Amino acid sequence: MNIQKVMVIGAGQMGSGIAQVHAMAGVDVILHDIKDEYVQRGITSISNHLARQVEKGRLTKAEKTEILERIEGSTDLANASEAELVIEAAVENIEVKSSIFAELDQITPKETILATNTSSLPITEIAAATNRPEKVIGMHFMNPVPVMKLVEIIRGLATADEVYEAIEELALRLNKTPVEVNDFPGFVSNRILMPMINEAIFTVYEGVAEPEAIDEVMKLGMNHPMGPLTLADFIGLDTCLYIMETLHEGFGDDKYRPCPLLRKYVKAGWLGKKSGRGFYKYS
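The name an unreviewed UniProt entry assigns to the protein chain is 3-hydroxybutyryl-CoA dehydrogenase, from the organism Halalkalibacter okhensis. Listed in UniProt under the heading Sequence similarities (unreviewed entry), the comment for the protein chain reads: "Belongs to the 3-hydroxyacyl-CoA dehydrogenase family." The Pathway (unreviewed entry) field of the UniProt record for the protein chain holds the comment "Lipid metabolism; butanoate metabolism."

Structure below.
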C-alpha cells in the first residue's frame, strides 16, 4: 500500500513534526487542529525548522517551498475523508482519543488506516471505539520528530498484518527505523524511560542530591546525552505524571507509583520548559 495522503490531528510539537517528516518524504499532508491559530502556529514551526535546514545547507530554498506546498491546514475533521491514513497526535487522554477515533470511523472511507501517536495508552481500547479495529494501529514517534529515528509500531489485539506492513513501509519511507512492539502500558520506550525519570525525582524528593548533581551523574556516569530531570522538564512534568499513572493503573504494581514531588510540581503548575519552571527555571 503506497500511502500518498495523510491527515495529522494535532498541530502541536509532535503533530507538526509528524506532518513535516511526511511532507519531506513526498507525502501530501492535512494538518488539523481545533483552531486556525493552532494550525498556523504548527505550519510556522515547520517553516522555521526547514529554514534552519536551508541555512545549514541541508535543503535548498526550492526544496523548502515544495515541502511546505505539500501541507494544507484544516479545522474541519470532515477533511479526513480525503486521507488514506490519519495519525492522531492529540492530548494524551483516553477519552479524548476514543472520541476522535469514533468520529473518524464515521468520516473516513472504510479502507483508511487510523493510527495513534499515543506514548502509553492501550491501542486495543482506542480501536474499540471504532467498527474497524483491524485498521487501528499505534505509530509512536519520538520527540523531536524530525531528528529522532525511532518509530514504535504497536499492534492492537485485532490489527491486521497488512495494516502493520503498510505502516512499517511508510516509516521506512520517512527515513525512520520502525520497531514492532506489543500492546502493553507504556510500550517499551516509556515503560523503561518513565520509571527512570520517576526514580530520579524520588532522589530529589528524598534529598539524595540536587537536580543538577543527579543529571550530571547520569550524563557523565551513564553517558546519557541529557539528564533525566532536564529530560522530564523537556517532555513536560504533566505528561510524565500521566504516563506514570497509566503504568501504575495498567500493571497494578506500586513500583510504578508516581513520586509525590512530581504530583506537587504538576499541581503547582511547574510543568517544565513549557511553563517556564520545573526542576529548572527557564526564561
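K.L.:
Provide a residue-level description of the overall build of the protein chain, including the pertinent values.
P.N.:
Along the backbone of the protein chain there are 11 helices and 8 strands. Expected size for 283 residues packed as a compact globule is a radius of gyration near 19 Å; at 19 Å, the protein chain falls within 12% of this value. Dimensions of the protein chain along its principal axes, counting C-alpha atoms only, are 55 × 45 × 30 Å. The buried share of the protein chain, taken over its 283 residues, is 48%. Looking at the protein chain as shown, the accessible area adds up to about 13500 Å², and 52% of this sits on carbon and sulfur atoms.

K.L.:
An account of the UniProt feature "domain: 3-hydroxyacyl-CoA dehydrogenase C-terminal" (unreviewed entry) in the protein chain is needed here, citing residue identities and associated values.
P.N.:
In the numbering adopted here, UniProt assigns the feature "domain: 3-hydroxyacyl-CoA dehydrogenase C-terminal" (unreviewed entry) to residues 186-282. Summarising residues 186-282: 62% helix, 0% strand, and an end-to-end C-alpha distance of 28 Å.

K.L.:
So what about the pairing of strand S1 (residues 5-9)? Which residues, and what values?
P.N.:
Burial of S1 is extensive: 5 of the 5 residues sit out of reach of the surface. Here S1 shows two buried faces, one formed by Lys5, Met7 and Ile9 and the other by Val6 and Val8. Two strands pair when backbone bridges link them, and S1 and strand S2 (residues 28-32) are joined in this way by 5 bridges, in the parallel orientation. Residue pairing across strands places Ile9 opposite His32, the latter belonging to S2. Viewed along the sheet, the connection from S1 through helix H1 (residues 13-24) into S2 turns out right-handed. Two elements, S1 and strand S4 (residues 85-88), share 4 bridges in a ladder whose sense is parallel. Looking at S4, one finds that Met7 is bridged to Val86.

K.L.:
So what's going on with the pairing of strand S6 (residues 136-141)? Which residues, and what values?
P.N.:
For S6, a buried count of 6 out of 6 residues is recorded, marking the element as mostly surrounded by other parts of the structure. What you see with S6 is no split at all: Val136, Gly138 and His140 on one side and Ile137, Met139 and Phe141 on the other are buried throughout. In this sheet, S6 lies alongside strand S5 (residues 113-116) in parallel orientation, the contact comprising 3 bridges. Residue Ala115 lies in a different strand from S6, and its bridge partner there is Ile137. One ladder, built from 5 bridges, connects S6 with strand S7 (residues 150-155); its direction is antiparallel. Bridged to His140 within S7 is Glu152.

K.L.:
Which residues make up the packing of helix H2 (residues 36-55) against helix H3 (residues 61-69), and what values do they have?
P.N.:
Direction vectors running N to C along H2 and H3 enclose 160°, while the axes themselves pass 9 Å from each other. With respect to their mutual orientation, H2 and H3 come out roughly antiparallel. As for the relative orientation of H2 and H3, their crossing is right-handed in sense. On H3, the residues touching Ile46, Ser47, Leu50, Ala51 and Val54 of H2 are Lys61, Lys64, Ile67 and Leu68. The residue makeup of the contact of H2 with H3, split by class, is 6 nonpolar, 1 polar and 2 charged.

K.L.:
Describe the nonpolar core, naming the residues involved and giving the relevant values.
P.N.:
Of all hydrophobic cores here, the largest spans 35 residues; its most connected members are Leu85, Ile137, Met139 and Phe141. Ranked by residues supplied to this core, first place goes to helix H6 (residues 161-173) with 5 residues. Those residues within four positions of Ile137 in sequence are excluded, and the remaining contacts are Ile113, Leu114, Ala115, Thr116, Ile123, Ile153, Ile154, Thr159, Val163, Tyr164 and Ile167. Counting residues in each nonpolar core, the second largest holds 22 residues, with Ala200, Phe202, Ile214 and Leu229 among its members.

K.L.:
For the sheet that holds S4, give the residues involved together with the corresponding values.
P.N.:
Judged by pairing direction, the sheet is mixed, and its 8 strands sit side by side in the order S3-S2-S1-S4-S5-S6-S7-S8 without closing on themselves. Two strands in the sheet have a free side with no partner beyond their single neighbour: strand S3 (71-74) and strand S8 (177-181). Within the sheet, the average angular offset between the axes of one strand and its neighbour, ignoring direction, is 25°. Across the sheet, helix H4 (residues 94-107) touches S1, S4, S5 and S6, and the angle it forms with S5 is around 170°.

K.L.:
Any chance you could break down the UniProt feature "site: Important for catalytic activity" (unreviewed entry) in the protein chain for me, citing the residues and the numbers?
P.N.:
Using the residue numbers shown here, the UniProt feature "site: Important for catalytic activity" (unreviewed entry) corresponds to His140. Mapping His140 onto the fold places it in strand S6. Setting aside chain neighbours within four positions, we find His140 in contact with Thr116, Asn117, Thr118, Ser119, Leu150, Val151, Glu152, Ile154, Phe187, Ser189 and Asn190. Within polar-contact distance, the side chain of His140 engages the side chain of Glu152 at 2.8 Å.

Parameters and conventions
Residues numbered from 1 in each chain as written. Predicted model: local features only at pLDDT ≥ 70, side-chain atom pairs only at ≥ 80, totals over all residues. Heavy atoms only, no water. UniProt positions renumbered as here; feature names shortened; annotations may be inferred. Helix = DSSP H or I, 4+ residues; strand = E, 2+ residues; numbered from the N terminus. Rg over C-alpha atoms; globule rule 2.2 N^0.38 Å. Buried < 20%, exposed > 50% of the residue type's maximum accessible area, 1.4 Å probe, protein only. Areas by Shrake-Rupley, 256 points an atom, 1.4 Å probe, with all protein chains shown as cover. Pairing = 2+ DSSP bridges. Right-handed = clockwise from strand over helix to strand, strands pointing away. Axes fitted to C-alpha atoms, helices over the stretch in contact; angles between N-to-C directions. Parallel < 35°, antiparallel > 145°, perpendicular 65-115°, else oblique. Left-handed = near helix turned anticlockwise from the far one by under 90°. Contact = heavy atoms within 4.5 Å. Nonpolar A, V, L, I, M, F, W, Y, C, P; charged D, E, K, R; others polar. Core = buried A, V, L, I, M, F, W, Y, C linked by side-chain atoms within 4.5 Å. Polar contact = N/O pair within 3.5 Å; in protein donor to acceptor, adjacent residues only side chain to side chain.

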